[in-house]
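Chain by chain, the residues run as shown.
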Amino acid sequence: MGLKYALVTGGSRGIGRAICFKFAEMGIPVIIGYHSNLAAAQEVCDSILQKGGSASVLKFDVSNKAEVESALNSWEQSHPDDYIAYLVNNAGVTRDNLMFMMTDEDWDSVIKTSVNGLFYVTRYLLPQMMARGRGGRIVNISSLSGLKGMAGQTNYCAAKAAIIGATRALAQETAARKVTVNAVAPGFITTDMTKDLPEEELKKMIPMKRFGKPEEVAELVGFLCSENAAYITGEVISINGGLF
Ligand code: NAP
């Protein structure tokens with residue numbers, strides 16, 4: 001019987017990086033998906049290998065269907081007995097602007113990365129995940145922005161809300177095959193994505209009075225990917241220090 005692997009898109013930095021470390025801690029071999037930052041992806045990989053875990057890096061732009069399919073196909077060719085049983089659709093970008101000033105590029109890049117990316121990667125992996133009969137876990141990283149809406153982020157809020165709709169629908173398609181599909185909606189988490197925000201001002205609005213840590217999101221994702229979470233599907237779990 002082959003091994004069950006985890007794939008984390010955007011595993012090179014921030015929340016995805018912490019999720020890669022969590023899978024390694026759970027004893028699951030992890031594929032670190034990245035777009036352009038090989039040095040960061042390799043650092044995550046080396047760190048897991050040094051601790052005795054199993055990891056590799058895989059470069060593809062989630063918004064590019066041909067790249068997604070070619071990268072995942074070459075992984076499958078070199079792992080004929082194994083399959084990707086844990087998928088975290090985490091890759092995402094922001095291009096904030098008020099809608100009346102938003103360019104086509106701002107709109108398209110955010111939607112294509114979050115929504116098309118989720119579609120291309122998940123569609124490719126689903127047949128194996130369902131056919132093997134050994135279960136699967138899909139966790140989609142949405143956002144507080146996708147739940148409540150934030151001025152200056154119509155593109156990002158639309159993308160993150162779409163992820164929630166897709167999660168709830170897909171969960172119903174795959175439940176009978178023991179594949180769960182859930183979404184996680186973080187509030188403000190300390191990563192490159194939030195490094196230019198006015199943290200001192202924003203912290204005052206958060207009941208916990210601090211940003212969250214990537215490791216805190218990774219713990220939740222790890223739980224959703226565990227056997228103990230087998231009956232949770234189609235759910236959206238917020239992790240935001242009380243900020244709604
Ligand atoms: P981050 O630090 O900016 O890291 C983004 C990651 O996504 C990087 O690994 C990057 O790869 C990858 N990526 C970006 N575009 C990609 C593409 N087209 N194809 C493949 N990979 C791509 O972001 P983060 O803060 O960790 O955010 C991770 C996820 O959590 C995102 O979906 C974000 O929307 C969501 N989120 C974040 C927060 C927050 O406060 N930070 C809150 C709610 C939700 P490279 O390293 O190769 O560039």
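Residues numbered from 1 in each chain as written. Predicted model: local features only at pLDDT ≥ 70, side-chain atom pairs only at ≥ 80, totals over all residues. Heavy atoms only, no water.

**Q** Tell me what's going on with the environment of Arg177, and back it up with residues and numbers.
**A** Within the fold, Arg177 resides in the loop between α6 (154–174) and β6 (179–186). Along the primary structure Arg177 and Ala166 are separated by eleven residues, whereas in three dimensions their C-alpha atoms are 18 Å apart. Excluding residues within four positions of it along the chain, Arg177 makes contact with Met130, Ala131 and Gly135. (Helix = DSSP H or I, 4+ residues; strand = E, 2+ residues; numbered from the N terminus. Contact = heavy atoms within 4.5 Å.)

**Q** Can you lay out the pairing of strand β5 (residues 136–141) for me, pointing to particular residues and giving the numbers?
**A** The element β5 is largely enclosed, with a buried count of six among its six residues. Side chains Gly136, Ile138 and Asn140 project from β5 onto one buried face, and the interleaved Arg137, Val139 and Ile141 project onto a second face that is buried too. Pairing of strand β4 (residues 83–89) with β5 involves four bridges; the strand directions are parallel. Residue Tyr86 lies in a different strand from β5, and its bridge partner there is Arg137. (Buried < 20%, exposed > 50% of the residue type's maximum accessible area, 1.4 Å probe, protein only. Pairing = 2+ DSSP bridges.)

**Q** Account for the packing of aromatic side chains, naming residues and giving values.
**A** This model, assessed by the stated rule, comprises four aromatic pairs. Plain terms: the ring middles of Tyr5 and Trp75 are 5.0 Å apart, the flat faces sit at 75 degrees to each other, and that makes the pair edge-to-face. Of the two residues, Tyr5 sits in strand β1 (residues 4–8) while Trp75 sits in helix α3 (residues 65–78), which places them 70 residues apart along the sequence. On the accessibility criterion, Tyr5 (10% relative accessible area) is buried. Accessibility expressed as a relative area gives 6% for Trp75, which makes it buried. Summarising the aromatic geometry, the rings of Phe119 and Tyr120 are spaced 5.8 Å apart at their centres and angled 45 degrees between planes, so their arrangement reads as tilted. Taking the relative accessible area as the measure of exposure, Phe119 reaches 42% and is therefore partly exposed. Judged by its relative accessible area of 15%, Tyr120 falls in the buried class. For Lys51, the ring lying beneath its charged end belongs to Phe21, and the centroid distance is 5.1 Å. (Phe/Tyr/Trp six-rings, centres within 6.5 Å; stacked < 30°, edge-to-face > 60°. Lys NZ or Arg CZ within 6 Å of the ring centre and 35° of its normal.)

**Q** Hey, could you go over the nonpolar core for me, with residue numbers and the actual values?
**A** Leu7, Ile19, Phe23, Leu72, Val121, Leu125 and Val221 are the most contacted members of the largest nonpolar core, which totals 54 residues. Once you skip the residues sitting within four places of it in the chain, Leu125 turns out to touch Leu7, Leu72, Ile84 and Leu87. Core analysis: the second largest hydrophobic core is formed by six residues, Leu144, Phe188, Ile206 and Phe211 among them. (Core = buried A, V, L, I, M, F, W, Y, C linked by side-chain atoms within 4.5 Å.)

**Q** Quick one: what's the story with the side chain of Asp82, residue by residue and with numbers?
**A** For Asp82, the location among the structural elements is in the loop between α3 and β4. Although Asp82 is buried, it makes no salt bridge; Arg132 carries the closest opposite charge, 6.5 Å away. Excluding residues within four positions of it along the chain, Asp82 makes contact with Gly2, Leu3, Tyr5, Trp75 and Arg132. (Lys, Arg positive; Asp, Glu negative; His and termini not counted. Salt bridge = Lys/Arg side-chain N within 4 Å of Asp/Glu carboxyl O.)

**Q** Please set out the site of the ligand residue by residue, giving values where relevant.
**A** Near the ligand there are 30 residues, and of these Ser12, Ser36, Asn90, Tyr156 and Thr191 occur at the shortest range. Taking Arg13, its side chain carries an N or O atom lying 2.8 Å from an oxygen atom of the ligand. In the environment of the ligand, an oxygen atom lies 2.5 Å from a nitrogen or oxygen atom belonging to the side chain of Thr191. Expressed as a share of its isolated accessible area of 900 Å², the protein-covered part of the ligand is 95%. Broken down by secondary-structure element, the contributors of at least two residues to the shell around the ligand are α1 (14–25) and α6. Across the shell around the ligand, the residue classes tally to twelve nonpolar, 14 polar and four charged. (Near = heavy atom within 4 Å. Polar contact = N/O pair within 3.5 Å; in protein donor to acceptor, adjacent residues only side chain to side chain. Areas by Shrake-Rupley, 256 points an atom, 1.4 Å probe, with all protein chains shown as cover. Nonpolar A, V, L, I, M, F, W, Y, C, P; charged D, E, K, R; others polar.)

**Q** Requested: an account of the pairing of β1, with residues and values cited.
**A** Of all five residues in β1, four are buried, a share of seventy percent or more. The pairing of β1 with β4 spans five bridges and is parallel. Each bridged residue has a counterpart across the sheet, and for Lys4 the counterpart in β4 is Tyr83. Bridge count for β1 against strand β2 (residues 30–34) is three bridges, and the pairing is parallel. Looking at β2, one finds that Ala6 is bridged to Val30. One crossover worth recording links β1 to the parallel β2 by way of α1, and it is right-handed. (Right-handed = clockwise from strand over helix to strand, strands pointing away.)

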